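# Tertiary structure, described
Listed here are the chains, written in short residue letters.
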Amino acid sequence: MLELPAMSSSGPVYQVVVPSPLYRFFDYLAPAEGVVLRPGTRVRVPFGGRTITGVVVGRAERSELPPNRLKRIAAILDDVPLWPENLLALLAWVADYYHHPIGEVFATALPAWLRQSHRAEIRGAPNWRLTNTGRSADPEAFRRAPAQRQLWQTLVDAPDGLDAAVLSTRATRWRTALRALEKRGWVERHEQLPRYRAIAAPRPGPGLNPDQRASAEAVFNSRHEYRTFLLHGVTASGKTEVYLSIIERLLADDRQALVLVPEIGLTPQLVARFEERLGIRAAVLHSALPEAERAQTWLAAAAGLAPVVIGTRSAAFVPLPRLGIVIVDEEHDPSFKQQDGLRYSARDVALVRAAREKIPVVLGSATPALESLRHAREGKYRLLNLPGRTGNAAMPDVVRLDMRRLASADGLSAPLREAIAARLVRGEQSLIFLNRRGFAPAWMCHACGWVAICPRCDARLTYHRGRNRLLCHHCSTDQPVMTRCPGCAGEALRPLGAGTERLETALARTFPKARLVRIDRDSTRRRGSLEASLASIHSGEADILVGTQMLAKGHDFPNVTLVGIVNADQGLYAPDFRAEERLMQTILQVSGRAGRADKPGQVLIQTWHPEHPLFDALARHDYDAFADYLLNERQAQQYPPYSHLALLRAESPAQSAPLQFLKLARQLANSPDDVTLFDPLPSPMERRAGRYRAQLLVQATERKPLHRFLDAWVRALSEAREARRVRWSL
Ligand code: ADP
Ligand code: ZN
Ligand code: ZN
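Reference entry: report on the structure contained in this document. (Residues numbered from 1 in each chain as written. Chains lettered and ligands numbered in written order. Predicted model: local features only at pLDDT ≥ 70, side-chain atom pairs only at ≥ 80, totals over all residues. Heavy atoms only, no water.)

## Overview of unusual backbone geometry
With an omega dihedral of 5°, the bond running from Pro-640 to Pro-641 counts as a cis peptide bond. Inspection of the secondary structure assignment puts Pro-641 in the loop between helix 19 (623–637) and strand 30 (644–652). (Helix = DSSP H or I, 4+ residues; strand = E, 2+ residues; numbered from the N terminus.)

## Brief notes about the coordination of the zinc ion (ligand 2)
The coordination sphere of the zinc ion (ligand 2), as far as protein atoms go, consists of Cys-445 (SG), Cys-448 (SG), Cys-485 (SG) and Cys-488 (SG), spread over 2.2 to 2.4 Å. Around the zinc ion (ligand 2) sit four donor atoms; with metal-centred angles ranging over 104 to 112°, the donor geometry is tetrahedral. (Donors = N, O, S within 2.8 Å, 3.2 Å for Na, K, Ca; no water. Tetrahedral: all angles 85-135°; square planar, octahedral: opposite > 155°, others 65-115°.)

## Side note on the site of ligand 1
Contacts to ligand 1 come from 15 residues, most closely from Gly-207, Gln-212, Lys-239, Thr-240 and Arg-273. In the model, a nitrogen atom of ligand 1 is placed 2.8 Å from a nitrogen or oxygen of the Gly-207 main chain. One of the side-chain N or O atoms of Asp-556 is found 2.9 Å from an oxygen atom in ligand 1. Relative to its unbound accessible area of 550 Å², ligand 1 is 76% covered by the protein chains. Broken down by element, the shell around ligand 1 gets its largest block of residues, three residues, from helix 9 (residues 239–252). Here the shell around ligand 1 is built from residues that sort into three nonpolar, seven polar and five charged. (Near = heavy atom within 4 Å. Polar contact = N/O pair within 3.5 Å; in protein donor to acceptor, adjacent residues only side chain to side chain. Areas by Shrake-Rupley, 256 points an atom, 1.4 Å probe, with all protein chains shown as cover. Nonpolar A, V, L, I, M, F, W, Y, C, P; charged D, E, K, R; others polar.)

## Focus on the sheet that holds strand 11 (residues 256–260)
Here we have seven strands laid out as an open sheet, ordered 12-13-11-14-15-10-16, and parallel in their pairing. Each edge of the open sheet carries a strand with a single partner, namely strand 12 (283–285) and strand 16 (382–386). Across the sheet, the axes of successive neighbouring strands diverge by a mean angle of 20°, strand direction being ignored. Relative to strand 13 (residues 308–311), strand 12 runs parallel, the two sharing three bridges. Paired with Val-284 across the bridge in strand 13 is Ile-310. Sheet strands in contact with helix 9 are strand 10 (227–233), strand 11, strand 13, strand 14 (323–329), strand 15 (360–365) and strand 16, and its direction is about 170° off that of strand 14. Each of strand 11, strand 12 and strand 13 touches helix 10 (residues 268–278); the most contacted strand, strand 13, lies at about 170° to it. (Pairing = 2+ DSSP bridges. Axes fitted to C-alpha atoms, helices over the stretch in contact; angles between N-to-C directions. Contact = heavy atoms within 4.5 Å.)

## What to know about the coordination of the zinc ion (ligand 3)
The zinc ion (ligand 3) binds to the protein through Cys-454 (SG), Cys-457 (SG), Cys-472 (SG) and Cys-475 (SG); the donor distances cover 2.2 to 2.4 Å. Considering all four donor atoms around the zinc ion (ligand 3), angles at the metal cover 102 to 114° and the coordination shape is tetrahedral. Written as a sequence motif, the donor arrangement for the zinc ion (ligand 3) is C-x2-C-x14-C-x2-C. Judged on exposure class, the residue Cys-472 and its partner Cys-475 are both buried. (Buried < 20%, exposed > 50% of the residue type's maximum accessible area, 1.4 Å probe, protein only.)

Right, dumping it as structure tokens:
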């Protein structure tokens, strides 16, 4: 176990975390005699012939290295530590819990720009104000210069000065006027920190209903202690309003709020809603931001300038000096789990962080993860329920369409087509959901059965008609569409099956007058195009929305009264033990887009398995009943949350190497009786992006012995020579 030495605060040896795949930190001497560095300070250190950026985490009396091999810290990058000690301890916990090299944990937690040697300075924005002489200038001086006069008067009214954005709205031709006033020494320029607080007057929200009020009260009353709340509210029950009400009151106490949202949930609409209601500018953090901008936002949050941080999973690590609450919206969403490098769950990190900082955390969802529901039922989390939709909105009517008995054209059954037609007549919107992008999931020869396969993956290529290419959805393979079959040299190659592109084409043919908008990763590739599409939905310029799960989450489309689910069965009988839970969550979230305002909504579900308990529960809006059904299955099979699992993965371009490594890993394992190791197996898609993959499952009833075992095992593996032949991860 890695004990963070941050608490041992004396001695001449500094312990520094550097970006390396090793499970340890490194010892260095102070840059000069008498220089004292605090934990959390970034430094430049010599490492393997280069100089790199590391972070001081502690001090010690002596090093295991002989004195003549101890090197000195080369330079100090921060005057004040970048991290407070509680966050350093959190990062150490993460390294420990996920059995991951601490240097890579720090690298995940820190924006790339700050991993280099940039100084952690918040760049100000230029701002102009009157000098003392300028203030006492005689207005007569501007008789022939109206623009200067206007600017002068504007600045007289703003003693703290104004920036370019504000000046442009208040004065005309101000830049020329400004130069004239600067020349006379009447105006001076200075830098001002970016502003996040009190940007505008907060716009009050709707009065909360009794369930919302009780939920907000419960959380607010726990603001001085750690407690986990599970806010289980049906779609459009007003969860976001509950968050806003809690945050509003915490901001009045000068606390900060951290709001974690799923990757595709972080829309401009969501941010605008927080900003308008609270009258602030939100610090928004996600991976698509330019690096310098991301670092600036991170620093503003860490300096306490930003009252509200809204971000995707890595925002869980941002230092916030006055953090008062953490909210995890759509807590069940898989994007909170990172799938490469440091494999962590931002939801779990948020819980541990809140516990350490003694503040409440709210997990919100219409479809909570089974793990969270179980904790709530056992009293570990406090359950807050919002059982009804707000205002006049009712839950939508859910109807199963039995596709074994219905004819369909282009994947659309007659009842679904009729329902869309009825919406078109009434001027209402329909949302048609299909969780598969592209035109067709296969390109196939109808003469000999040949199918286009990715040369680098065990997967079929997807036919994209708009780009006229065959693409692999698992790697970057991108091929021209062949017209002659490599199998039989015939010309009977055709698309097989349907994706959103084909669905859009079919809908356009069936409803030639309807205005269609398609939303998926392909249609929103260009920057700003998602915003434009969403805007066209809100303004009523679209009649039918076609899309993948990008349409499922968080959106409030008041005029959508029909949701059609084209193929509800994807994932019903999949090998992943979480597949049914995910499917239910996705379908319920998409269904939740129907009838959110005062017009009643309808959901039509096309399925070949209408008798499945999932659809029963959906029709009755009873998520809990389906959760019970799944929890019973999990218990019977001893899957989480009734056991704890770890998965050791290995991959390599050589087919036999991963399994060989895992077999060796199994031999090296010194596992106690209460930890079970299964046989290594090829992964469900064995080859991906040119690499063969295999995995070994570890199961335990108790968490503690599992961690103790994994800790020793991972160290042994990292030192094993065979480990170098594969890429492995836990
Ligand atoms: P959720 O986050 O559960 O999906 P929202 O907070 O987005 O729900 O609320 C759905 C809609 O209902 C929004 O348009 C919101 O402004 C509105 N709303 C929320 N609470 C109330 C309320 N108490 N009274 C009236 N309208 C409300
Ligand atoms: Zn053929
Ligand atoms: Zn591929």
